[in-house]
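Chain by chain, the residues:
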Amino acid sequence: MSASAIFVLDLKGKVLICRNYMGNIDMNEIDHFMPILMKREEEAEMTPLVTHGSCHFLWIKHSNLYLVAMTKKNANAALVYSFLYKIVQVFKEYFKELEEESIRDNFVTVYELMDEVMDFGFPQTTDSKILQEYITQQGHKLECVRPPATVTNAVSWRSEGIKYRKNEVFMDVIESVNLLVSASGNVLRSEIVGSIKLKVVLSGMPELRLGLNDKVLFEITGREKSKTVELEDVKFHQCVRLSRFENDRTISFIPPDGESELMSYRLNTTVKPLIWIESVIEKFSHSRVEIKVKARSQFKSRSTANNVAILVPVPSDADSPKFKTSTGTAKWVPEKSAVQWNIKSFPGGKEYMMRAHFGLPSVEGDELDAKRPITVNFEIPYFTMSGIQVRYLKIIEKSGYQALPWVRYITQSGDYQLRTN
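These lines cover the structure that appears in this document, whether it is placed above or below. Nothing here was measured: the structure is a model prediction, and the numbers come from that model.

## So, the pairing of strand 13 (residues 258-267)
Line of reasoning, step 1. In terms of residue burial, strand 13 counts as a mostly covered element, since seven of its ten residues are buried.
Line of reasoning, step 2. Sheet topology places strand 9 (residues 187-201) next to strand 13; nine bridges connect them, and they run antiparallel. Bridge assignment links Val200 to a residue of strand 13, and that residue is Gly258.
Line of reasoning, step 3. When strand 11 (residues 232-236) meets strand 13, the two strands line up antiparallel, connected through three bridges.

Encoded structure:
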């Protein structure tokens, strides 16, 4: 069982739009949601689920809106939250931004979408590309609009009869590195979060088969291969045949047209920091702060990190900055109380220095500045941290056309932080 009703509220808790799917609930119950939430917030006891009597409110917040699902039954909470995030995605595809104004400006479209995405409390078609085929934002003409056959097909994420002059598949393997390093230089937390994104420009109903250097697959087939990757928390797009994957680890699927995320995965491994930062922050009370930062790239020289941004915290009352860098540019970002050191291109095995000097007021405030970490942003093309590789991407279509698969690898910073002394 899923949701009885879905509400979209503004920040004050006023209902902008709602839809009662099952008729088994008093719609005025929503009036209790906001007071309970405010009380919880005051008591610092915020929870994603709020209960009033026999009614349960499952809610998420997006920009200046609350999306609330209401149920009396023992609903599948994970399904409800997944659905709420999915309709946020659908609304964003339709209106570019999802906020109070976009809901008010598109009441008719929002009602039509809410009718289609759920039926009697159960999620239905939530693929925006398919919905856009029969729920359009043009003025309504008096004619009968039939939903496309795709809605009732076994393959509900791809329409039939798609034709392109040139058939291609573009695949991006993107890995984000999350890292936390202590002030003494020990790695406290590290993980790799990866995703494989597709842009499909293929005619007809092609079947794709993807082969990765997956450790489990090599063990099943008895092949010895030194460079294999053990993937954890693998999550697939609905197009992937899960039974086939569970049997012989083959990733086979009929892809959605255009852009989509095929799969995501995680590796909980000890990561060697790609960009290592050493910093000395000296504070001379009532006069100045001196900062010395050394950045070293710890990957092979054939790779290069692009658009590196190193954010070094400084006291909030610092002023009159002076900088000296061995490469790149440094600037003061007062709204973040930090120095941002930008290096456009950072080759592997290199080391660069940055010095900064700030003045401090002669009178010190009572407030103590929290010790904030140094954060690093970067992107390294043609490189994966985990060593994942696309071994093959086969494209099979009954008309037998030739198609080109393109693959590129990118490693980027996720939550990448180094604590300071």
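## Quick notes on a negative patch on the surface
Line of reasoning, step 1. A grouping of Glu97, Glu99, Glu101 and Asp105 is seen on the molecular surface, where their side chains present a negatively charged patch.
Line of reasoning, step 2. Along the chain, Glu97 turns up in the loop between helix 2 (77-95) and helix 3 (100-105).
Line of reasoning, step 3. Of the residues examined, Glu97 reaches a relative accessible area of 48% and is grouped as partly exposed.

## Structural notes on the packing of aromatic side chains
Line of reasoning, step 1. Summed over the entire model, instances satisfying the criterion amount to 13 aromatic pairs.
Line of reasoning, step 2. By way of ring pairs, the aromatic residues Phe33, Phe57, Trp59 and Tyr66 are connected into one cluster.
Line of reasoning, step 3. When the ring centre of Phe284 is taken as reference, the NZ or CZ atom of Arg288 above it lies at 4.0 Å.
Line of reasoning, step 4. The ring of Tyr392 is capped by Lys394, whose NZ or CZ atom sits 4.8 Å from the centre of that ring.

## Regarding the pattern of salt bridges
Side chains that differ in charge, positive against negative, can pair when their charged atoms come close.
Line of reasoning, step 1. Following the criterion strictly, the structure yields 19 salt bridges and no others.
Line of reasoning, step 2. Across the pair Lys166 and Glu168 runs a salt bridge, and its minimum N-O distance is 3.6 Å.
Line of reasoning, step 3. Overall, Glu168 belongs to the buried group, its relative accessible area being 12%.
Line of reasoning, step 4. Residue Lys294 is joined to Glu351 by a salt bridge in which the shortest nitrogen-to-oxygen separation is 3.9 Å. With Lys294 in strand 15 (residues 288-297) and Glu351 in strand 20 (residues 351-359), this pair connects stretches of sequence that are 57 residues apart.
Line of reasoning, step 5. Under the relative-accessibility criterion, Lys294 is labelled partly exposed at 26%.

## Details of the layout of surface pockets
Line of reasoning, step 1. Considering only enclosed or pocket space, the largest pocket measures out at about 970 Å³ in volume.
Line of reasoning, step 2. Considering the residues around the largest pocket, the lining is formed by 28 residues, among which Lys86, Gln89, Thr126, His237 and Gln238 are closest to the centre.
Line of reasoning, step 3. Listing elements by their share of the lining of the largest pocket, those giving two or more residues are helix 2, helix 5 (128-134), strand 11 and strand 13.
Line of reasoning, step 4. No other element matches the eight residues that helix 2 contributes to the lining of the largest pocket.
Line of reasoning, step 5. A class-by-class count of the residues in the lining of the largest pocket yields ten nonpolar, ten polar and eight charged.

## Considerations on the nonpolar core
Line of reasoning, step 1. If you look at the biggest cluster of nonpolar residues, it comprises 67 residues, and the most contacted ones within it are Leu210, Ile310 and Val376.
Line of reasoning, step 2. In terms of residues, this core owes the most to one element, strand 8 (residues 168-181), which gives six residues.
Line of reasoning, step 3. When near neighbours in sequence (up to four residues on either side) are disregarded, Val376 contacts Ile275, Ile277, Val308, Ala309, Ile310, Ser413, Tyr416 and Leu418.
Line of reasoning, step 4. Grouped together as the second largest cluster of nonpolar side chains are 33 residues, Ile17, Ile60, Tyr81 and Phe91 included.

## Observations concerning unusual backbone geometry
Line of reasoning, step 1. Residue Asn307 is not a glycine yet carries a positive backbone phi of 50°.
Line of reasoning, step 2. Phi at Ser320 takes a positive value of approximately 40°, unusual for a residue other than glycine.
Line of reasoning, step 3. Taking the relative accessible area as the measure of exposure, Ser320 reaches 46% and is therefore partly exposed.

## Points about helix 4 (residues 107-117)
Line of reasoning, step 1. For helix 4, the full list of buried residues reads Thr109, Val110, Leu113, Met114 and Val117. Across the axial projection of helix 4, the buried residues extend over an arc of 135°, all falling on one side.

## Examining the packing of helix 2 against helix 4
Line of reasoning, step 1. In contact at an axis separation of 12 Å, helix 2 and helix 4 are set at 140° when each is read in the N-to-C sense. Put simply, helix 2 runs oblique to helix 4. For the pair helix 2 and helix 4, the sense of crossing is right-handed. The residues of helix 4 that touch helix 2, namely those facing Phe83, Ile87, Val90, Phe91, Tyr94 and Phe95, are Thr109, Val110, Leu113, Met114 and Val117.
Line of reasoning, step 2. In terms of residue class, the contact of helix 2 with helix 4 is made up of ten nonpolar, one polar and no charged.

## Let's talk about the sheet that holds strand 20
Line of reasoning, step 1. Spatial strand order, 14-15-20-17: four strands in an open sheet with antiparallel pairing. At either margin of the open sheet sits one strand with a lone partner, and together these are strand 14 (275-284) and strand 17 (319-325). Sheet twist, expressed as the average angle between the axes of neighbouring strands with direction ignored, equals 15°.
Line of reasoning, step 2. As defined by bridge partners, strand 14 adjoins strand 15 across ten bridges and the pair is classed as antiparallel. Following the sheet pairing, Lys283 is matched in strand 15 by Val289.

## A short note on the sheet that holds strand 12 (residues 251-253)
Line of reasoning, step 1. Pairing is antiparallel across the open sheet formed by three strands, whose spatial order is 12-10-22. Sheet topology places strand 12 and strand 22 (390-396) at the edges, where each strand pairs with a single neighbour. Along the sheet, successive strands turn relative to each other by an average axial angle of 15°, direction set aside.
Line of reasoning, step 2. Pairing analysis gives three bridges linking strand 10 (residues 207-212) to strand 12, with the strands arranged antiparallel. Bridge pairing in strand 12 places Leu208 opposite Phe253.

## Considering a nonpolar patch on the surface
Line of reasoning, step 1. Together, Phe170, Leu404 and Trp406 line one region of the surface with nonpolar side chains, adding up to about 280 Å² of accessible area.
Line of reasoning, step 2. Structurally, Phe170 is set in strand 8.
Line of reasoning, step 3. The class of Phe170 is partly exposed, set by a relative accessible area of 31%.

Cut-offs applied
Residues numbered from 1 in each chain as written. Predicted model: local features only at pLDDT ≥ 70, side-chain atom pairs only at ≥ 80, totals over all residues. Heavy atoms only, no water. Buried < 20%, exposed > 50% of the residue type's maximum accessible area, 1.4 Å probe, protein only. Helix = DSSP H or I, 4+ residues; strand = E, 2+ residues; numbered from the N terminus. Pairing = 2+ DSSP bridges. Patch = residues over 30% accessible without salt bridge, like charges linked within 9 Å, V, L, I, M, F, W, Y side chains within 5 Å. Areas by Shrake-Rupley, 256 points an atom, 1.4 Å probe, with all protein chains shown as cover. Salt bridge = Lys/Arg side-chain N within 4 Å of Asp/Glu carboxyl O. Lys, Arg positive; Asp, Glu negative; His and termini not counted. Charge placed at Lys NZ, Arg CZ, Asp CG, Glu CD. Phe/Tyr/Trp six-rings, centres within 6.5 Å; stacked < 30°, edge-to-face > 60°. Lys NZ or Arg CZ within 6 Å of the ring centre and 35° of its normal. 1 Å grid on protein atoms, 1.4 Å probe; cavity = no way out; pocket = protein on both sides within 12 Å on 5 of 7 lines; lining within 4 Å. Points joined across faces, edges and corners; volume = space filled by probe spheres on them. Nonpolar A, V, L, I, M, F, W, Y, C, P; charged D, E, K, R; others polar. Core = buried A, V, L, I, M, F, W, Y, C linked by side-chain atoms within 4.5 Å. Contact = heavy atoms within 4.5 Å. Arc of directions from axis to C-beta. Axes fitted to C-alpha atoms, helices over the stretch in contact; angles between N-to-C directions. Parallel < 35°, antiparallel > 145°, perpendicular 65-115°, else oblique. Left-handed = near helix turned anticlockwise from the far one by under 90°.

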